[in-house]
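Topology and contacts: notes
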Amino acid sequence: MKIHSNNKILLVNRSFMLIALLFAFQPIAATSNIYTNIMLAIGAVGFIVLIASIICVLMGKVSLKEYAATEKETTLSLLAISVLGLIISYAYDSNLYKFWLFIMALQLIDLCMLRKRK
């Protein structure tokens, strides 16, 4: 079965956003064994998808222009996830709020750069 290149890009973007979203809930569910197992499983699948996408780009099956075309949607989604992670980390007095501030700053810079390119 051949997967269309847009579906490959969506798979990479969605898996990365799912990992970020689950990581945002880390202060709430950190003591749960089920949460830890889910994070490990999704992390492993996400890593495999990432390696497969790198191989597809290197082999020329997917172009970097196609990845860049979906960048704005991914940036906005990750910005929303970083705001959620920041709120949860701050509410639960976790040290992860510094990480989420950093991710939010990176996403805002990326969004500004996208607007300047257009």
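Everything here concerns the structure above.
Residues numbered from 1 in each chain as written. Predicted model: local features only at pLDDT ≥ 70, side-chain atom pairs only at ≥ 80, totals over all residues. Heavy atoms only, no water.

Attention now moves to the overall build of the protein. A tally of regular secondary structure across the protein gives six helices and zero strands. Its helices and strands taken in sequence order, the protein reads α-α-α-α-α-α from the N to the C terminus. Looking at the protein alone, contacts between residues at least 24 apart form 67% of all its contacts between residues at least 6 apart. Here the protein displays about 8100 Å² of accessible surface, and carbon together with sulfur accounts for 71% of that area. (Helix = DSSP H or I, 4+ residues; strand = E, 2+ residues; numbered from the N terminus. Contact = heavy atoms within 4.5 Å. Areas by Shrake-Rupley, 256 points an atom, 1.4 Å probe, with all protein chains shown as cover.)

Taken together, the side chains of Phe 47, Ile 48, Leu 50, Ile 51, Ile 54, Ile 55, Leu 58 and Met 59 define a hydrophobic patch exposed on the protein surface, amounting to about 820 Å² of accessible area. Position of Ile 55 relative to the elements: it lies in helix α3 (residues 33-59). (Patch = residues over 30% accessible without salt bridge, like charges linked within 9 Å, V, L, I, M, F, W, Y side chains within 5 Å. Salt bridge = Lys/Arg side-chain N within 4 Å of Asp/Glu carboxyl O.)

With that settled, consider the environment of Ile 38. Residue placement: Ile 38 occurs in helix α3. A relative accessible area of 41% places Ile 38 in the partly exposed class. (Buried < 20%, exposed > 50% of the residue type's maximum accessible area, 1.4 Å probe, protein only.)

Another point: the packing of aromatic side chains. The description of two aromatic rings rests on the distance between their centres and on the angle between their planes. Enumeration over the complete set of coordinates arrives at three aromatic pairs. Here Phe 23 and Trp 100 contribute two aromatic rings whose centre-to-centre distance is 5.9 Å and whose plane-to-plane angle is 45°, an arrangement assigned as tilted. Placement of Phe 23 in helix α1 (residues 5-24) and of Trp 100 in helix α6 (residues 97-117) is noted, with a sequence separation of 77 residues between them. Ring geometry for Phe 99 and Trp 100: centres 5.0 Å apart, planes at 75°, overall edge-to-face. (Phe/Tyr/Trp six-rings, centres within 6.5 Å; stacked < 30°, edge-to-face > 60°.)

All right, on to the nonpolar core then. Core analysis: the largest hydrophobic core is formed by twelve residues, namely Met 17, Ala 20, Ala 24, Leu 78, Leu 79, Ile 81, Leu 86, Leu 96, Trp 100, Ile 103, Met 104 and Leu 111. Only α1, α5 (71-91) and α6 provide two or more residues apiece to this core. Ignoring sequence-local partners within four residues, the contact set of Leu 96 consists of Phe 23, Gln 26, Pro 27 and Ser 89. (Core = buried A, V, L, I, M, F, W, Y, C linked by side-chain atoms within 4.5 Å.)

When you line up the elements, Gln 107 lands in helix α6. Residue Gln 107 is classed as buried on the basis of its relative accessible area, which comes to 13%. With residues near it in sequence (within four places) discarded, Gln 107 still touches Thr 75, Leu 78 and Leu 79.

Before going further, it helps to examine α3. For α3, which comprises 27 residues, the first-to-last C-alpha distance of 39 Å matches the rise-based estimate of 39 Å (1.5 Å per residue) to within 8%. Within α3 the residues assigned to the buried category are Tyr 35, Met 39, Gly 46, Val 49, Ser 53 and Cys 56. Looking one or two residues past α3, Gly 60 carries a phi angle of roughly 85°, positive in sign. (Expected span 1.5 Å × (residues − 1).)

Quick look at the environment of Glu 73 now. Positionally, Glu 73 belongs in helix α5. Taking the C-alpha atoms as reference points, Glu 73 and Asn 13, 60 residues apart in sequence, are found 9.4 Å from one another.

The values reported here are purely geometric and, on their own, carry no functional implication.
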